[in-house]
Amino acid sequence: MKTPNSILYFISKNLTPVSMLLISLLLVLSCSSGGEEEPKLVPSNLTVTISITGATVANPIGDGSGEVRIVARAQNAVRYAFRIGNGDLQQNSSGVLNYTVTQEGTNTYSLEVFAYSDGGESISKSESFEVYKADGNFANLVFADEFEYEGSPDPDKWHHQVIPILGDSWANGELQHYTARIENSYVSSGTLKIKAIKEDYTYNNSTKAYTSARLNSKFAFTYGRVEVRAKLPAEAGTWPAIWTLGANVDEIGNYFGNQYGSVGWPACGEIDIMEQRGWDKTTTIGFFHWGDTVTQEYKNAGGDKTVSNTSDEYHLYTLEWDTSSMKIMVDEVPVYELSNTSDKPFDNAHYLLLNIAMGGNLGGSVDVGFTEDVMEIDYVRVYQ
């Protein structure tokens, strides 16, 4: 029997030097190949896209649903993981996460996204987003006009108030007559237009230098969330308003008459969701007017909000009203909140008004070159 040494001696005696060299190279290559590891694939170029449901340029925090869609993409990634705030890590292979926030109001959330390769290597990216979640108590849509028609405002939903409430004039020193003509209020291309026009117009032997429109909703409600998305007129002297009156006001020419009572103003209560001064087109006003139910004194409270591009861009003007408080907002940012206590008359049905006044207390001086201007309304919605 041959020992290993004798085998090596035999090989060395019987193989040529060239054969020995080839065998040595094969042994070296074999050892070298067995000791190397394949390069690991590491994810790269991680991108994260965050979409807020209902978000627009004017209202980037969404439509109140609180819904967010997150899309992650990376090279060499086979799975992804997402962590919102201090929540649990949520993993999937699609890189898409549909998420609904639960905290009501407008809040900012941190986001961390991870991308993993097949071998477990990972990269991550941190982001944040702001989103609005509406109060779940206002989930039932009870009145709306999306203005997806043409012509006059829907007569089943809107009433034109045209009879002056102070003999031959309107309150607050206003300079216009309100009309039911299509020239002053009409729907086209998906929006309602309320147009103020410089023109001599006579009503009941009273001539005014301007015309406009004042619409009453044919719907009265107690408590709820009112949303009106609108562009405002830009010209000096215009006084646009989105507001409510207690339906028990029994104001001359209004839609409800004395159906709900006849207490007059201010005992009925008034909520100015949006007004704008004629000389300041970068600010909107949110205000409350009422008669104290105990002392019968006139009282008011409210605030201003700086809002850019009110005539060029749509903004969302909102009221949230319940048994404890009333909150006026612009683009979901609070303007003023008033407690709804028993000394205030805000426990009765209200109706919505849309109008442009000319001049007067808040309109001020009308520009001498004024010819016409428009308030454009994308939609009106009332939730309860």
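For the structure, check the block above.
Residues numbered from 1 in each chain as written. Predicted model: local features only at pLDDT ≥ 70, side-chain atom pairs only at ≥ 80, totals over all residues. Heavy atoms only, no water.

### Quick look at the overall build of the protein chain
Counted only if it meets this: Helix and strand assignments come from DSSP, with helices taken as H or I runs of at least 4 residues and strands as E runs of at least 2, each series counted from the N terminus. Classification of residues uses two cut-offs on accessible area relative to the type maximum, computed with a 1.4 Å probe and protein chains only: under 20% is buried, over 50% is exposed, and between them is partly exposed. Any two residues whose heavy atoms approach within 4.5 Å are treated as being in contact. For the accessible areas, the method is Shrake-Rupley and the probe is 1.4 Å, while residue cover comes only from the protein chains on display.
Along the protein chain, the regular secondary structure elements total 3 helices and 24 strands. In the protein chain, which comprises 384 residues, the share counted as buried stands at 45%. The long-range share in the protein chain, meaning contacts at least 24 apart out of those at least 6 apart in sequence, stands at 69%. Of the accessible surface of the protein chain, which amounts to about 18700 Å², a share of 50% is contributed by carbon and sulfur atoms.

### Side note on the pattern of salt bridges
Formally: Salt bridge criterion: a side-chain nitrogen from Lys or Arg within 4 Å of a carboxyl oxygen from Asp or Glu.
Taken as a whole and judged by the stated rule, the model has 12 salt bridges. The shortest N-O distance in the salt bridge between K193 and E376 comes to 3.9 Å. With K193 in strand 12 (residues 191-203) and E376 in strand 24 (residues 372-383), this pair connects stretches of sequence that are 183 residues apart. Residue K193 is classed as buried on the basis of its relative accessible area, which comes to 10%. Note that R277 and D304 form a salt bridge whose closest N and O atoms lie 3.1 Å from each other. Taken together, the positions of R277 in the loop between strand 17 (270-275) and strand 18 (283-291) and D304 in strand 19 (residues 298-306) put the pair 27 residues apart, joining distant regions of the chain. In this structure D304 comes out as partly exposed when scored by relative accessible area, which is 42%.

### Side note on the environment of T179
In plain terms, the rule: Counted as a polar contact is a pair of N or O atoms within 3.5 Å, where, for protein atoms, one must be capable of donating a hydrogen and the other of accepting one, and residues adjacent in sequence contribute only when both atoms are in side chains.
Inspection of the secondary structure puts T179 in the loop between strand 10 (176-178) and strand 11 (185-188). In sequence terms T179 and I163 are 16 residues apart; their C-alpha atoms lie 8.8 Å from each other. Residues contacting T179, with those up to four places away along its chain left out, are H160, V162, N184, Y201, T211, S212 and A213. Here the side chain of T179 touches N184 through a polar contact of 2.6 Å, side chain to side chain.

### Considerations on the sheet that holds strand 6 (residues 105-116)
Note the threshold: Strands are labelled as partners when DSSP assigns at least two bridges between them. Simply put, an axis is a line fit to the C-alpha atoms, just over the touching stretch for a helix, and the angle between two N-to-C directions goes from 0 to 180 degrees.
The sheet built from 4 strands is open, its strands ordered 4-3-6-7 with antiparallel pairing. Two strands lie at the open edges of the sheet, namely strand 4 (90-92) and strand 7 (122-133), each paired on one side alone. Across this sheet, the average inter-strand angle for adjacent strands is 20 degrees, counted without regard to direction. As paired strands, strand 3 (residues 79-84) and strand 6 are joined by 6 bridges and run antiparallel to one another. Looking across to strand 6, one finds that R83 is bridged to E112.

### Some remarks on the sheet that holds strand 23 (residues 350-358)
Adjacent strands of a sheet pair through backbone hydrogen bonds, lying either parallel or antiparallel. Spatially, 9-14-23-16-17-18-19 is the arrangement adopted by the 7 strands of the open sheet, whose pairing is antiparallel. Edge positions in the open sheet fall to strand 9 (158-160) and strand 19, since each of these has one partner strand only. On average, each strand axis in the sheet is tilted by 20 degrees relative to the strand beside it, whichever way the strands run. Relative to strand 14 (residues 214-221), strand 9 runs antiparallel, the two being bridged by 3 bridges. Bridge assignment links H159 to a residue of strand 14, and that residue is N216.

### Side note on the packing of aromatic side chains
As a reminder, the rule being used: Each Phe, Tyr or Trp ring, with Trp reduced to its six-membered ring, pairs with another whose centre is within 6.5 Å; inter-plane angles below 30 degrees give stacked pairs, above 60 give edge-to-face pairs, and intermediate values give tilted ones.
Tallying each qualifying case throughout the model produces 17 aromatic pairs. Taking 6.4 Å as the distance between ring centres and 25 degrees as the angle between the ring planes, the aromatic pair formed by F114 and Y116 counts as stacked. Each member of the pair, F114 together with Y116, is buried. Here the aromatic rings of F219 and F221 are separated by 6.0 Å at their centres, their planes lie at 15 degrees, and the arrangement is stacked.

### Side note on the pairing of strand 24
As a general feature of sheets, a regular strand has side chains that alternate between the two faces. Where strand 8 (residues 141-145) meets strand 24, 4 bridges bridge the pair, whose relative direction is antiparallel. Paired with A144 across the two strands is R381, which belongs to strand 24. Sheet analysis places strand 12 next to strand 24, joined by 6 bridges and oriented antiparallel. Among the inter-strand pairings, I194 is bridged to a residue of strand 24, identified as M375. Pairing geometry for strand 15 (residues 224-231) and strand 24, over 7 bridges, is antiparallel. Its bridge partner being in strand 24, K231 is matched across the sheet by E376.

### Digging into the environment of L316
Within the secondary structure, L316 is located in strand 20 (residues 315-321). As for L316 and R229, which are separated by 87 residues in sequence, their C-alpha atoms are 4.4 Å apart.

### A short note on the nonpolar core
For the record, the criterion: Think of a nonpolar core as a cluster: buried Ala, Val, Leu, Ile, Met, Phe, Trp, Tyr and Cys residues, connected wherever their side-chain atoms sit within 4.5 Å.
Formed by 42 residues in total, the largest nonpolar core has its most connected members in I194, I242, L352, L354, I377 and V380. Ignoring any residue separated from it by four or fewer positions in sequence, one finds I377 in contact with F147, T191, L192, I194, V228, R229, A230 and L354. In this structure, V48, I52, I70 and L97 belong to the second largest nonpolar core, which totals 18 residues.

### Quick word on the environment of D88
Considering the arrangement of structural elements, one finds D88 in the loop between strand 3 and strand 4. Here D88 is in contact with F82 and R83, once residues within four sequence places are set aside.

### Regarding the side chain of K195
For K195, the location among the structural elements is in strand 12. When neighbours within four sequence positions are excluded, K195 is seen to be in contact with E183, N184, Y186, T211, S212, E372, D373 and V374.

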